[in-house]
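# Architecture at a glance
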Amino acid sequence: MSDANRKKTESGLKFETKLLHFGDEIDQTTGASSVPIYQASTFHHFDIFNPPQHDYSRSGNPTRQALEDYIALLEGGVRGFAYSSGMAAISSVFMMFSAGDHIIVTEDVYGGTYRLLTTILSRMQIETTFVDMTNIEEVKAALKPNTKAVYMETPSNPTLKITDIAAVTSWSKEHELITILDNTFMTPYYQRPIEFGVDIVVHSATKFLGGHSDVLAGLAVARTDELGTQLKRLQNGLGTVLGAQESWLLMRGMKTLGARMAHSEQSTAKLAAWLKGRKDITAVYYPGLEDHPGREAHERQSTGYGAVVSFDVGSGDRAKAVLNRVKLPIVAVSLGAVESILSYPTMMSHAAMPAEVRHERGITDGLLRFSVGLEDIDDLIADLEQALEAE
Ligand SMILES: *Cc1c(COP(=O)(O)O)cnc(C)c1O
């Protein structure tokens, strides 16, 4: 980033403006209106005594660097990192820990993170305790002499449970624990966990940040230089980096994050209220609903409720019938795109979870998860209505 651009980004611009004016939006050499795609693996040393700023694209690439500075600015951290997927970001961050370390993790963590912790990191003697993080007492009770970190995800998937971020970070600081938060569902547009003391924010940028179901990417942001140095060493050492093309595509998506989130959230509120009013829907989960447990905690730490709503249609058979009848949303895993996505946790994201554990966590056979896109909400509701009512 040039000095002129750094001054601009540090001049107290509002979030929506920063999305467009993030420092590298204009190429300083040509004036081009987007960051060039530096499709190069290596960089010439014009003078062997003065090596170029980037010398090899695993260690640093100007296009990826622009994206990394962009996400650091948006999250309010000191340093950002871009990875080949959300799981590449999350697994690289967990490589900070060593055999014998213990980590406290929210029980309804993303399925891939659960798999990483219980089948890969467990082999490396990194120990995990899963707790209900809506209850700070459970977090406290999980503390062991070898605890090194707390890993949060709020709102969680798919029942949108809320963790009180400040309660966890202030307790964690007393015990010198590192706090990590998966901010995929809210994005920095609605929630900036570093402002509440979180040390490392991670993202599946495949979802809302990318926003178009066309790029797989992960991001991480460090709150301090020291953590940034550690994450840099891991990203370079593990080689889990994002390519230049994908970095560019992600930045293109991120520019419209504000407009997309605001539109989708308005639609989601309408959809949630409509679902709530139907007698044949047995439960609706959305942090914006009056009776959502954790709504108050959520409002202290977020400026919006997001664009994902989950609801129970009563039975597995009915859920499958709805999935086969809807015409507008794509029926798929993933979320956070311009097009609406309807998911079936029981047979998709949570298929590997034993039915008993699944039901205990409210992931019933009738539960559907709707990620609301940019379609006209009345069309989406009419489509869902015909799917619910056809017999
Ligand atoms: C999708 C997702 C991930 C994993 O990201 P990938 O880009 O699929 O690797 C992690 N956390 C959450 C909350 C997700 O939704």
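Scope of this entry: the structure provided in the associated data block. On a predicted model such as this, the values are computed, not experimentally measured, just so you know. (Residues numbered from 1 in each chain as written. Predicted model: local features only at pLDDT ≥ 70, side-chain atom pairs only at ≥ 80, totals over all residues. Heavy atoms only, no water.)

### Regarding the pattern of salt bridges
- Evaluated as defined, the whole model comprises 17 salt bridges.
- Where aspartate 291 meets lysine 276, a salt bridge forms, and the shortest distance between an N and an O atom there is 2.8 Å. Remark: lysine 276 occurs in helix 11 (residues 257–276) and aspartate 291 occurs in the loop between strand 8 (283–285) and helix 12 (295–301); sequence separation between them is 15 residues.
- Judged by its relative accessible area of 51%, aspartate 291 falls in the exposed class.
- The exposure class assigned to lysine 276 is partly exposed, which follows from its relative accessible area of 41%.
- We note a salt bridge from arginine 278 to glutamate 385, for which the minimum N-O separation is 3.9 Å. Highlighted residues: arginine 278 in the loop between helix 11 and strand 8 and glutamate 385 in helix 15 (residues 377–389), separated in sequence by 107 residues.
- Overall, arginine 278 belongs to the buried group, its relative accessible area being 14%.
- Residue class for glutamate 385 comes out partly exposed when judged on its relative accessible area of 30%.
- Among the charged side chains, a salt-bridge network with shared partners connects Arg278, Asp280, Arg318, Glu385 and Glu389. (Salt bridge = Lys/Arg side-chain N within 4 Å of Asp/Glu carboxyl O. Helix = DSSP H or I, 4+ residues; strand = E, 2+ residues; numbered from the N terminus. Buried < 20%, exposed > 50% of the residue type's maximum accessible area, 1.4 Å probe, protein only.)

### Re the sheet that holds strand 9 (residues 308–312)
- Spatial ordering of the open sheet is given by 8-9-12-11-10, a layout of five strands whose pairing is mixed. Every other strand in the sheet has two partners, leaving strand 8 and strand 10 (330–331) as the edge strands with one partner each.
- Sheet topology places strand 9 next to strand 12 (residues 367–371); five bridges connect them, and they run antiparallel. Residue pairing in the sheet places aspartate 312 in a bridge with leucine 367 of strand 12. (Pairing = 2+ DSSP bridges.)

### Quick word on the site of the ligand
- The environment of the ligand is formed by 13 residues, the closest being Gly86, Met87, Asp182, Thr206 and Lys207.
- One of the side-chain N or O atoms of threonine 206 is found 2.7 Å from an oxygen atom in the ligand.
- Separating an oxygen atom of the ligand from a side-chain N or O atom of lysine 207 is a distance of 2.7 Å.
- Compared with its free state, where it exposes 380 Å², the ligand has 93% of that area covered by protein.
- Here the ligand is seated within the largest pocket.
- Per-element tally for the shell around the ligand: the top contributor is helix 4 (residues 86–94), with three residues.
- Taken together, the residues of the shell around the ligand sort by class into five nonpolar, five polar and three charged. (Near = heavy atom within 4 Å. Polar contact = N/O pair within 3.5 Å; in protein donor to acceptor, adjacent residues only side chain to side chain. Areas by Shrake-Rupley, 256 points an atom, 1.4 Å probe, with all protein chains shown as cover. 1 Å grid on protein atoms, 1.4 Å probe; cavity = no way out; pocket = protein on both sides within 12 Å on 5 of 7 lines; lining within 4 Å. Sits in = over half its atoms within 2 Å of the grid points. Nonpolar A, V, L, I, M, F, W, Y, C, P; charged D, E, K, R; others polar.)

### A word on the packing of helix 13 (residues 316–325) against helix 15
- In contact at an axis separation of 8 Å, helix 13 and helix 15 are set at 135° when each is read in the N-to-C sense. Regarding the angle of helix 13 to helix 15, the classification is oblique. Classified by chirality, the crossing of helix 15 by helix 13 is right-handed. Seen from helix 13, the contacting residues are Arg318, Val322 and Arg325; seen from helix 15, they are Asp383, Leu384, Gln386, Ala387 and Leu388.
- Residues that form the contact of helix 13 with helix 15 fall into these classes: four nonpolar, one polar and three charged. (Axes fitted to C-alpha atoms, helices over the stretch in contact; angles between N-to-C directions. Parallel < 35°, antiparallel > 145°, perpendicular 65-115°, else oblique. Left-handed = near helix turned anticlockwise from the far one by under 90°. Contact = heavy atoms within 4.5 Å.)

### Quick notes on the nonpolar core
- Counting residues in hydrophobic clusters, the biggest one holds 47 residues, and the most contacted among them are Val150 and Leu250.
- Elements that contribute at least two residues to this core include exactly helix 3 (62–75), strand 4 (147–153), helix 7 (165–174), helix 8 (187–190), strand 7 (218–222), helix 10 (244–254) and helix 11.
- By residue number, the principal contributor to this core is helix 3, which donates seven residues.
- Contact partners of leucine 250, with chain neighbours within four places excluded, come to Leu67, Ala205, Leu209, Gly210, Ala217, Leu219 and Leu242.
- Within the second largest apolar cluster, 27 residues are counted, among which are Ala89, Ala149, Ile178 and Leu227. (Core = buried A, V, L, I, M, F, W, Y, C linked by side-chain atoms within 4.5 Å.)

### Considering helix 13
- Those residues of helix 13 lying buried are Gly316, Arg318, Ala319, Val322 and Leu323. All buried residues of helix 13 project into a common sector of 160° when viewed along the axis, lining one side. Along helix 13, the residues that are exposed and aim more than 90 degrees away from the buried face are Asp317 and Asn324.
- Taken together, the buried residues of helix 13 touch strand 10, strand 11 (341–343), strand 12 and helix 15. (Arc of directions from axis to C-beta.)

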